[in-house]
4 protein chains.
Amino acid sequence: MKVAVIGTTGYGGGELIRILHNHPVFNIHSIHSSRDEMPITDEFPHLGNIFEDSLKKIDTDAIAEEADLVFLATPSGVSGKLAEEFSVKDIQVVDLSGDLRLTNPDDYQNWYKHTPVKSETLSQAVYGLSEWNREEIKQAKVIANPGCYPTATLLGLGPVAAEGFLDPANIIIDAKSGVSGAGKSLSRTTAFSEMNDNFKIYKVNEHQHIPEIEQQLFKWDGGLSPVTFSTHLLPITRGIMATIYVKLKKEARTSEVIELYRETYKNHPFVRVRKEGQFPGVKEVCGSNYCDIGVHADQRTGRLTIVSVIDNLMKGAAGQAVQNANLMNGINEKAGLDFIPMYP
Amino acid sequence: MKVAVIGTTGYGGGELIRILHNHPVFNIHSIHSSRDEMPITDEFPHLGNIFEDSLKKIDTDAIAEEADLVFLATPSGVSGKLAEEFSVKDIQVVDLSGDLRLTNPDDYQNWYKHTPVKSETLSQAVYGLSEWNREEIKQAKVIANPGCYPTATLLGLGPVAAEGFLDPANIIIDAKSGVSGAGKSLSRTTAFSEMNDNFKIYKVNEHQHIPEIEQQLFKWDGGLSPVTFSTHLLPITRGIMATIYVKLKKEARTSEVIELYRETYKNHPFVRVRKEGQFPGVKEVCGSNYCDIGVHADQRTGRLTIVSVIDNLMKGAAGQAVQNANLMNGINEKAGLDFIPMYP
Amino acid sequence: MKVAVIGTTGYGGGELIRILHNHPVFNIHSIHSSRDEMPITDEFPHLGNIFEDSLKKIDTDAIAEEADLVFLATPSGVSGKLAEEFSVKDIQVVDLSGDLRLTNPDDYQNWYKHTPVKSETLSQAVYGLSEWNREEIKQAKVIANPGCYPTATLLGLGPVAAEGFLDPANIIIDAKSGVSGAGKSLSRTTAFSEMNDNFKIYKVNEHQHIPEIEQQLFKWDGGLSPVTFSTHLLPITRGIMATIYVKLKKEARTSEVIELYRETYKNHPFVRVRKEGQFPGVKEVCGSNYCDIGVHADQRTGRLTIVSVIDNLMKGAAGQAVQNANLMNGINEKAGLDFIPMYP
Amino acid sequence: MKVAVIGTTGYGGGELIRILHNHPVFNIHSIHSSRDEMPITDEFPHLGNIFEDSLKKIDTDAIAEEADLVFLATPSGVSGKLAEEFSVKDIQVVDLSGDLRLTNPDDYQNWYKHTPVKSETLSQAVYGLSEWNREEIKQAKVIANPGCYPTATLLGLGPVAAEGFLDPANIIIDAKSGVSGAGKSLSRTTAFSEMNDNFKIYKVNEHQHIPEIEQQLFKWDGGLSPVTFSTHLLPITRGIMATIYVKLKKEARTSEVIELYRETYKNHPFVRVRKEGQFPGVKEVCGSNYCDIGVHADQRTGRLTIVSVIDNLMKGAAGQAVQNANLMNGINEKAGLDFIPMYP
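All values reported here derive from a predicted model rather than from experimental measurement. (Residues numbered from 1 in each chain as written. Chains lettered and ligands numbered in written order. Predicted model: local features only at pLDDT ≥ 70, side-chain atom pairs only at ≥ 80, totals over all residues. Heavy atoms only, no water.)

Some points on the relation of the copies chain D and chain A
Once chain D is rotated about the relating axis by 180 degrees and shifted along it by 0.0 Å, it coincides with chain A to within an RMSD of 0.0 Å. The relationship between the two copies is best expressed as a two-fold rotation axis. (Least-squares fit on C-alpha atoms with pLDDT ≥ 70 in both.)

Some details on the relation of the copies chain A and chain B
Overlay of chain A on chain B (RMSD 0.0 Å): rotation 180 degrees, translation along the axis 0.0 Å. Interface overlap between copies: 100% of the residues of chain A at the interface are likewise at the interface in chain B, consistent with a symmetric, same-surface contact. (Contact = heavy atoms within 4.5 Å.)

Overview of the interface of chain D and chain A
Between chain D and chain A, the residue contacts involve 18 residues of the former and 18 residues of the latter. Note on chain D versus chain A: buried area summed over both sides is about 1600 Å², and carbon and sulfur give 55% of it. The interface formed by chain D and chain A holds zero salt bridges in total. Across the chain D-chain A interface, the total number found is ten residue pairs in polar contact (both at pLDDT 80 or more). The leading source of residues in the side of chain D that touches chain A is helix α9 (residues 192–195) of chain D, at four residues. Partitioning the side of chain D that touches chain A into residue classes produces eight nonpolar, six polar and four charged. (Buried area = accessible area lost by both parts, 1.4 Å probe. Salt bridge = Lys/Arg side-chain N within 4 Å of Asp/Glu carboxyl O. Polar contact = N/O pair within 3.5 Å; in protein donor to acceptor, adjacent residues only side chain to side chain. Helix = DSSP H or I, 4+ residues; strand = E, 2+ residues; numbered from the N terminus. Nonpolar A, V, L, I, M, F, W, Y, C, P; charged D, E, K, R; others polar.)

Focus: the interface of chain A and chain B
At the junction of the two partners, chain A supplies 45 residues and chain B supplies 45 residues. With both sides pooled, the region where chain A packs onto chain B buries about 3900 Å², and carbon together with sulfur makes up 53% of that total. A per-residue breakdown of the area chain A buries against chain B is headed by Asp197(A), Phe199(A) and Arg300(A), which together make up 16% of the total. For the pair chain A and chain B, the number of links is four salt bridges. Among the ionic pairs, Asp174(B) bridges to Lys176(A), the shortest N-O distance being 3.1 Å. Here chain A is connected to chain B by 32 residue pairs in polar contact (both at pLDDT 80 or more). Mapped by element, the contributors of at least two residues to the side of chain A that touches chain B are β7 (172–177), α9 (192–195), β8 (200–204), α10 (209–220), β9 (228–233), β10 (240–247) and β13 (303–310) of chain A. For the side of chain A that touches chain B, a count of residues per class yields 20 nonpolar, 14 polar and eleven charged.

Re the UniProt feature "active site" (unreviewed entry) in chain A
Residues and elements named next belong to chain A. The UniProt feature table records "active site" (unreviewed entry) at Cys148. With a relative accessible area of 12%, Cys148 lands in the buried category. With sequence-adjacent residues up to four places away left out, Cys148 is seen in contact with His209, Ile240, Ile310, Asn312 and Gly316. (UniProt positions renumbered as here; feature names shortened; annotations may be inferred. Buried < 20%, exposed > 50% of the residue type's maximum accessible area, 1.4 Å probe, protein only.)

Overview of unusual backbone geometry
Residue and element names in this part refer to chain B. Residue Pro344 is reached from Tyr343 by a cis peptide bond, and omega for that bond is 0 degrees. The phi torsion at Asn49 lies on the positive side, around 65 degrees, for a residue other than glycine. For Asn49, the location among the structural elements is in the loop between α2 (40–43) and α3 (60–66). The backbone phi angle of Asp197 is positive, close to 60 degrees, even though this residue is not glycine. By the element assignment, Asp197 lies in the loop between α9 (192–195) and β8 (200–204).

Structure, rendered in structure tokens:
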């Protein structure tokens, strides 16, 4: 199958190449960027002697004609427009941006401060949380690939939220991410001398991932209250940890919760639930498509702490995108994604 | 005034030297360790040509005779024993360990799993949270210097807790610390190849700092419930951030909360409250005795998020210890502590 | 083909698993350690749900019987003994330690301060610098896998040294390595708080890799003088850069040198020579088996600077080990080694 | 004494404030920038409650009238122009840029690719290598503060170069610096995701510090040949290590060389020569004005390796600038510079 990648010069685009280049079924047919037509190795010298195609202009008609599936690794706003064009052509679309994720255009307008995508396109888009929307994804033509924080958060909450076990109020998510999540554009915040040996909170209760998290949570359980969500920047390149604090309607012991999580995820190869007393560090999933989860039910306070870690460029972006593309095409979900975490 | 330092080869000890060496009133009279009598520069080559005393054996009688004040930068268990001996001698004591902090010996037994210190000694000890126990500290002979996480947490919660403004339940503290907080002993967890580019949660609801935090919180407001407290290891050397989630009994706007914090801390030179919309990163207090606080009251969820940062070796240990020693002796609180944060 | 790995709990061992687990021809038949028989996931939780075998005791007879090839990822001294036993059994051996590299036992005694391996075993060992000893490796039963620094250095010097182009004196190698190269044993030097944000030189003119580098250099050109070699520790996990300073007997322009390097390495898929003006950073080969080289001939001083980078755990250890195992067995040299560098 | 600082928003400027704010003699009279007049805390929030002056416009007449000394922490090109204006006014000048360092304007033109400063100004400038130009500095009105790499390199070479002990050819300097040395402007190279866990060589034989190093070397010994000089970027914030390779005309033992270095620097409080077998890491001088040196004379190759470390923002810029300002005004050389290195 021929795939095209648009927005190939960003970190998400680079990661897509790393996965697709050795994919048993997908071939990278063409790579595109709004920038000059130049060899990708000018941007990513690490691809020398491996993948040396040149970037091409973005011509949606030509792409739809030649490729079977297109990955949009373009920024918010740009992705939306491209999705609108592609959605009426004969080509599958996997969009890594936030433009197609929110079903309510008003949410998008409020949180992203952009004009939302046309409703005809929006209505085609299926939210690509692979482990929870498998059947819909298999039928989809257009995928709204989830955000990195929402992926870690929702995989962490799903088992208890979907069963209606959550106490509706006081859901608190303290999230931390490596700097590659901020993308490739230069900024003072992400300059090395500013971030090295530093740790900062940057969005308190205002991250665009809040409506996305709540949309899925409320789908699972309409009685839940709005969540508290903070994001922090870690002085690492890759990795996300979401430390989630909830209460259950009915208290449970840690072992029971682990039991539930293992049962829920038993047929999902990319989610690993740790044994009691063990919590995952972000390095343990680095470079892979895994999401690792650890839980602890505190008798003293009656609160459940859930820890969920992913690699923001893999399960938080490119990895999940390919996982969805596999599902869309009846390919083994794990195809091309057999990366073992790189340790140390 | 002559001061002695015991446990000088640890990071807390090294930091005490950095502060005391240039202190306008205190002179480092002697340094001690349970290890061989060797020049301190064998352990800390960075002190070459600056401070080259040799470590001496620990002889509490001799120390009490020669020095006016002793800093105990020894590990838990060791400190307690030394404190018992010193508390009946004519010498002031500032203990950086957790051995004297908990007024209830059962708490100590349960959380530290050691035999607590004798009650005669315990009863002498004043909890050294400088900004909140000033008057007691001024009269004290023995100081239980607070833990790093509790310092950041309590300075962050004090203004609302002491006024009884806190909704009793759902106090959640998500804390993160640089690795120097783990001390100097070698362990797999703190080996460079394990911690670099990593982020880990390590104590969920079981950190020994929990009873210490609650002891002070309940002093401020006896109606509060037990707190949820998680600790994480950051891949940085110094720095702590406590992200604290609470609800107020009566909702307030961010500006009102900032007003309250600024009013509370207006005469406390080491606590800086950031303006609305601004949150401190840990680097902004690095190497200094400052504690920086930022707050945000979320209209959507009615929750207040408080962010408090300190340098774990300074305000979280040695800096606060000297601040207390200043107060005990009627010296300007800021003496010897005029470090401007090192940036970048 | 069945392979066994001994010394599986070290970083080299872990990296071997990462490569071998997905290798198209080699199957990990058994893993061994001198430690308790425990699941490898106790040591490497990142392998959960991927590879969960238990470590077995080291029984050389049993291993030689069941496996076709054994990788020794054991420390110096231990490897040597095992190699002696295996070399007389019907099994191929690839030793990642330094015990079989030096053909002159006196060199080993002088530099490693251990008893060298028996000469019968030593004489069987072929030095596994894949790109330069290909034919010998193909015939070998026992491989002495090169050290990390020598690999980077020799790949960087080979093209000019092998042609006799080097001015014999003043060969200077300034080498820098990430901390995983120091192995897994705990030490003050490699503790996070000591190494973070630090950079240190640790062996000046006394590294055990000196005789190994010179052995190969003198093989290429017997007229060369002893080299100056310094090693430094970088505050990163993986990666080696060797900055090499030499003079050529006959001055050449940068473009001519690049021409020579490209010609020399044109049939070697894992060595990439950069274009003029471009030098590789260590991240550009991270997690892969590539060695990237950049050169600059300075008209002003007549000196040639060569920059060679590898990932110390891959091309510097496990990657090259598997590359050699492929060659030994007539398998495509690149089998199992198609890792694209992880960027960023 | 009243001092003014121009270019206060850069890292050098920020570091000058950290030093001058607590200086016993100098008072920061005014701070200036070409940017808007804004409080310095907008740029450096870590200065909150410490130093909150507002930046003023750059009016050289007004500054020369009100202040006794001005520090120029402005970029190359800008500094030069300001120096030309100030050099004819009644005010002392310490320029942290490279604009006044090269006595030969052609060198400046060739290496900096800018128009050099007017010769009248150039002729007033004294090269501010404090330990070696003390007497000239004491008489100077205008100081060309040395570059960071040259400071580490020249302090490392001075004792042997000034005595004519160096073998003229084959002087090789392999230099490594933390990223703050690249300044505050944003660039892909210094973006966190690019530099973290990375190590790169960036200027091979073409750094503007080469003519500066050679100018001083040839002053010491006119028979020396041009040097080989490479610079690398370390994934740390502060710190420089220069690993220098030379041969002596007459071989010497390590102890003899250390003897010479200690004798040379015995009255220079900021240069510390390590004992035999000990080499300094960059962290050991972090945040201080020290330069630490270690040496090793290799019997095997006859080569001398010198290791010199400094903090690039302190002894490599602001620290040395204040040290020179002290000398210019008959103040104790160490005034305001009693920073003990921050460890760990």
